Amino acid sequence: MAANEISQQQAPVVVELGGVQKVFSNGTRALDPISLSIREGEFISIIGPSGCGKSTLLRLIAGLAAPSAGTMRISSEIREAAIGFVFQSPTLMPWSNVQANVRLPLDLLHAPRAEADEKVQRALDGVGLTDFAHFHPRELSGGMQMRVSIARALATSPRLLLMDEPFGALDEITRNRLDRDLSSLCERERLTVLFVTHSIYEASFLSSRVLVMSSRPGRIFSDVAVEDSRPRTEAFRSSQSFIRLAARLSATLAAAMHDGEKSGVKP
Amino acid sequence: MNRDWVRLVAPVAVGVAFLLLWHALVVLNDVPAYIVPSPLLVFKTLVRDWGMLSGSLMVTLEVTAAALLAAVVLGVALSVLFVQNRLIEASLLPYAVILQVTPLVAIAPLIIIWVDQPRTALVICATVASIFPVITNTTIGLRSADPGLLDLFRMHGATRAQTLLRLLLPSSAPYFFAGLRVAAALALIGAVVAEFVAGTGGTKSGLAYQILQAGLQLNIPRLFAALILITASGIALFLAVSLLARLVLRGWHESERPKEN
C-alpha cells in the first residue's frame, strides 16, 4: 500500500496545467485559473456541482477547446498514443457494427490494417465483447454499449483516458460491475485516468485521488489523496476506509457547493 | 398478422366497390363514353392502345428518372457545399427558395423556349420542381450528426473528407430519404406539368401529350387510361423509394425498425 503510493509520487508528471483559465465567448467564466499536475498511473476523479467546469477541464486536456489563458503541457508520450475519450452517452455510430465502431479512431489515424485488426480484437477482449463484434449498437443493452465506447477509447492504446460521467445513465448494479472492470483494466494497462462523476461512491471506489470542484467560476476546492491499493475489489466497498472516504468527500462536496453559492452572488 | 391483412384488404375492397359503383352508374344511366367511360371500357382502351401508351409511359418515366437523378446529385452536392461554408449557404439558399416558391407552370415556358432540345427542357423543369426537398432535408441531416462523434473525429485529426463520408453523410441518410420520397412525387408531377405547358412544342410523346391529344379528340377512355398510368407510376415510384430507404436504414434507424409486439 505504501509502496504503491511512493511509486506514484515518483511517477513522472504527464499533464501539467499552469493557471489554465477558460472564459466562454458569452463572457461566462467556466474555469478560474487552475493549476494541476497529473502523474502517470493516477486515477483522478473529479466531483462537483453541475456547471463547475468539470467537462470543460476534460475538453481542454483533450484538445477540443483552447484555454483562454495559462499554460498546458501534455507529455509527448501521451500525445503520440492519442488520448482516449469516453462520453456521457455511448456515442456510437448506429449504422456501424461494434467492430467498426471500435475501429473508428484507428481508421481516422490511418493505422495499418493488420495492426488495426489486432488492436480492435484486443480492445474487444479487454471489455468482454469478443462475441458481439458483429452486433449493431441498438441490439446491445446500455451497459454493453458503454463497454463498446470504452473499447473504442482503448483501441489506440492510449496512455491517458478521459471519461466524462460515463456510467451516469446506467443502473447501479451495471455501474458497479463496470467500475470494477475499469479499476482492474486501468491497473493492468497502467493507464492514467481523469474521471468526471456525480457519484461520491463511484469516486471513492475508483480513485487514487479525488478533486472536488466548486462552481461559478469553476475551481479546485479540495484535492484528496486516496491511499488504498488498486485495483479495488467488491470487498473495498464495505471497508472502513471506503466508508470514511465517502463521508469525507460528501462533507467536502457540501462545503464546495456552499462556497459556490456564496461566490455565485453577483457583486 | 391480422392487422396487416386488414391494411391490405380494406383499401382493395374500397377500390373494388368504387369500380363496381362507377360501372353500374355508367351502364344504368347510359352515360356516353365521351363524358364518363365505364371502367371496363377504360381497361379495354388501355389494352388496345398499349402500344402507343406504353411508349408514352416510357418517355414520361425516363424524364422523371433523369430529373430525380439530377435533383439527387445536385441537391446533395449543394447541401454538402452549404454545410462546409455558412457564407455559401447564406448566399445561395434564398435563390433555392425563390426557385421553389415560383410556380413551375410560370417558368416552364421560359425553359422550354431557352432550351433547344425538348427532352432536356422537360428534365430541367422536373428537376427544378423536385430539387428543393432534397436540399433542405439533406442539409438538416448533415447538420444533425452527433456532437460527441464530431468531437471524436476532431480529436483524431479526421480530414474533411473522412468526416463527410464516415459521419455526416450516414447521419443525413434518414433525412435524405424523407426528402427523396417527396422529391420522387414532385419529379413525376414536374415531368407531366412541363409537358402540358410545352404542348405541341414538347416531345409530343409523353403521357401528358396523350392526355392533351385525347382531350382534343374527345377520346375520353384513352384520357382515363393515360391518367391511370401516371397515377400507377407515382405509386410505383413511391414504393421503390420506400423500399430503397428500408434497405439502407433497416439495420440501424428507428424509422425502419421492425415492429415488435
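Residues numbered from 1 in each chain as written. Chains lettered and ligands numbered in written order. Predicted model: local features only at pLDDT ≥ 70, side-chain atom pairs only at ≥ 80, totals over all residues.

Asks: Lay out the overall build of chain B with the relevant residues and their values.
Replies: Within chain B, the secondary structure is distributed over 10 helices and zero strands. Along chain B, from the amino end to the carboxyl end, the secondary structure elements read α-α-α-α-α-α-α-α-α-α. Taking the principal axes of the C-alpha coordinates as reference, chain B spans close to 75 × 55 × 30 Å. The buried share of chain B, taken over its 261 residues, is 36%. Of all intrachain contacts in chain B linking residues separated by at least 6 positions in sequence, the fraction that spans at least 24 positions is 76%. (Helix = DSSP H or I, 4+ residues; strand = E, 2+ residues; numbered from the N terminus. Buried ≥ 20, exposed ≤ 12 C-beta atoms within 10 Å, placed from the backbone. Contact = placed C-beta atoms within 7 Å.)

Asks: Which residues make up the interface of chain B and chain A, and what values do they have?
Replies: Residue-level contacts link 16 residues of chain B with 17 residues of chain A. Mapped by element, the contributors of at least two residues to the side of chain B that touches chain A are helix 7 (147–155) and helix 8 (160–198) of chain B. Broken down by element, the side of chain B that touches chain A gets its largest block of residues, seven residues, from helix 7 of chain B. Partitioning the side of chain B that touches chain A into residue classes produces seven nonpolar, six polar and three charged. (Nonpolar A, V, L, I, M, F, W, Y, C, P; charged D, E, K, R; others polar.)

Asks: Let's hear about the sheet that holds strand 2 (residues 29–39) of chain A: which residues, and what values?
Replies: All names here are of chain A. Spatial ordering of the open sheet is given by 2-1-4, a layout of three strands whose pairing is antiparallel. Each of the sheet's edge strands pairs with one partner strand only, and the pair in question is strand 2 and strand 4 (69–74). This sheet shows a mean twist of 15° between the axes of neighbouring strands, independent of strand direction. Note: strand 1 (residues 13–23) against strand 4, five bridges, orientation antiparallel. When the bridges of strand 4 are listed, Gly 18 appears paired with Thr 71. (Pairing = 2+ DSSP bridges. Axes fitted to C-alpha atoms, helices over the stretch in contact; angles between N-to-C directions.)

Asks: Any details on the confidence of the model for chain B? Residues and values, ideally.
Replies: In the predicted model, chain B carries a mean pLDDT of 91, and 96% of its residues have values of at least 70. Both confidence scores are given for the complex: pTM 0.85, ipTM 0.86. (pLDDT = per-residue confidence, 0-100.)

Asks: Please give an account of the pairing of strand 7 (residues 192–196) of chain A that cites residues and values.
Replies: Residues and elements named next belong to chain A. Counted residue by residue, strand 7 has five buried out of five residues, so it is predominantly covered. Of the two faces of strand 7, the one holding Thr 192, Leu 194 and Val 196 and the one holding Val 193 and Phe 195 are both buried throughout. Pairing of strand 3 (residues 43–47) with strand 7, which is carried by four bridges, proceeds in the parallel orientation. By the bridge assignment, Ile 44 is partnered in strand 7 with Leu 194. Regarding the hand of the β-α-β motif, the stretch spanning strand 6 (residues 160–164), helix 7 (residues 172–189) and strand 7 is right-handed. (Right-handed = clockwise from strand over helix to strand, strands pointing away.)

Asks: Would you mind going over the environment of Glu 172 of chain A in detail, with residue names and values included?
Replies: All names here are of chain A. Counting through the fold element by element, Glu 172 comes out in helix 7. Glu 172 sits in the exposed class, given 11 other C-beta atoms within 10 Å. Sequence separation between Glu 172 and Glu 115 is 57 residues, and the spatial gap between their C-alpha atoms is 36 Å.

Asks: An account of the nonpolar core is requested, with residue identities and associated values reported.
Replies: In terms of nonpolar packing, the biggest core is built from 136 residues, with Ala 151 and Leu 162 of chain A together with Cys 125, Ala 126, Ala 187 and Ala 194 of chain B touching the most fellow members. No other element matches the 17 residues that helix 8 of chain B contributes to this core. Every residue in contact with Leu 162 of chain A, bar those within four places of it in the chain, is listed here: Leu 58, Ile 61, Ala 62, Ile 83, Gly 84, Phe 85 and Leu 194 of chain A. (Core = buried A, V, L, I, M, F, W, Y, C linked by C-beta atoms within 7 Å.)

Asks: I'd like a rundown of the environment of Leu 253 of chain A, residues and numbers included.
Replies: All names here are of chain A. By secondary structure assignment, the location of Leu 253 is in helix 9 (residues 240–264). Along the sequence, Leu 253 and Val 13 sit 240 residues apart, while their C-alpha atoms lie 26 Å from each other. Not counting chain neighbours up to four residues away, the residues in contact with Leu 253 comprise Ile 47, Ile 200 and Val 212.

Asks: Can you lay out helix 8 of chain B for me, pointing to particular residues and giving the numbers?
Replies: What sets the pattern is the α-helix's 3.6 residues per turn: residues three or four places apart point alike. Between its first and last C-alpha, helix 8 of chain B extends only 44 Å over 39 residues, short of the 57 Å set by a 1.5 Å rise per residue. Of the residues flanking the end of helix 8 of chain B, it is Gly 199 of chain B, one or two places downstream, whose phi is positive at about 55°. (Expected span 1.5 Å × (residues − 1).)

Asks: Break down the sheet that holds strand 3 of chain A for me, citing the residues and quoting the values.
Replies: Residue and element names in this part refer to chain A. The mixed open sheet is built from six strands, whose spatial order is 5-6-7-3-8-9. Edge positions in the sheet fall to strand 5 (84–86) and strand 9 (219–225), since each has one partner strand and no second. Pairwise comparison of adjacent strand axes, ignoring direction, gives a mean angle of 15° for this sheet.

Asks: Describe the packing of helix 3 (residues 50–84) of chain B against helix 9 (residues 207–216) of chain B, naming the residues involved and giving the relevant values.
Replies: Residue and element names in this part refer to chain B. In the contact formed by helix 3 and helix 9, the axes pass within 7 Å of each other and the chain directions differ by 135°. Taken together, helix 3 and helix 9 sit at an angle that is classed as oblique. Here helix 3 contributes Leu 53, Ser 56, Leu 57 and Thr 60 to the contact with helix 9, which in turn contributes Leu 207, Tyr 209 and Gln 210. Looking at the contact of helix 3 with helix 9 residue by residue, the classes come out as four nonpolar, three polar and no charged. (Parallel < 35°, antiparallel > 145°, perpendicular 65-115°, else oblique.)

Asks: Account for unusual backbone geometry, naming residues and giving values.
Replies: Residue and element names in this part refer to chain A. A cis amide bond, omega -5°, links Arg 230 with the succeeding residue Pro 231. Looking at the secondary structure, you find Pro 231 in the loop between strand 9 and helix 9. Non-glycine residue Ala 82 carries a positive phi angle of around 65°. On the secondary structure map, Ala 82 appears in the loop between helix 3 (76–80) and strand 5.

Asks: Outline the packing of helix 5 (residues 104–114) of chain B against helix 6 (residues 118–142) of chain B, supporting the account with residue identities and numerical values.
Replies: Residue and element names in this part refer to chain B. The N-to-C vectors of helix 5 and helix 6 enclose an angle of 150°; their axes lie 9 Å apart at closest approach. When the axis of helix 5 is compared with that of helix 6, the two are roughly antiparallel. Helix-helix and strand crossings are classified by hand; for helix 5 and helix 6 the assignment is right-handed. Contact residues: Leu 104, Ala 108, Ile 111 and Ile 112 in helix 5; Ala 121, Ile 124, Cys 125, Val 128 and Ala 129 in helix 6. Partitioned by chemical class, the residues of the contact of helix 5 with helix 6 number nine nonpolar, no polar and no charged. (Left-handed = near helix turned anticlockwise from the far one by under 90°.)

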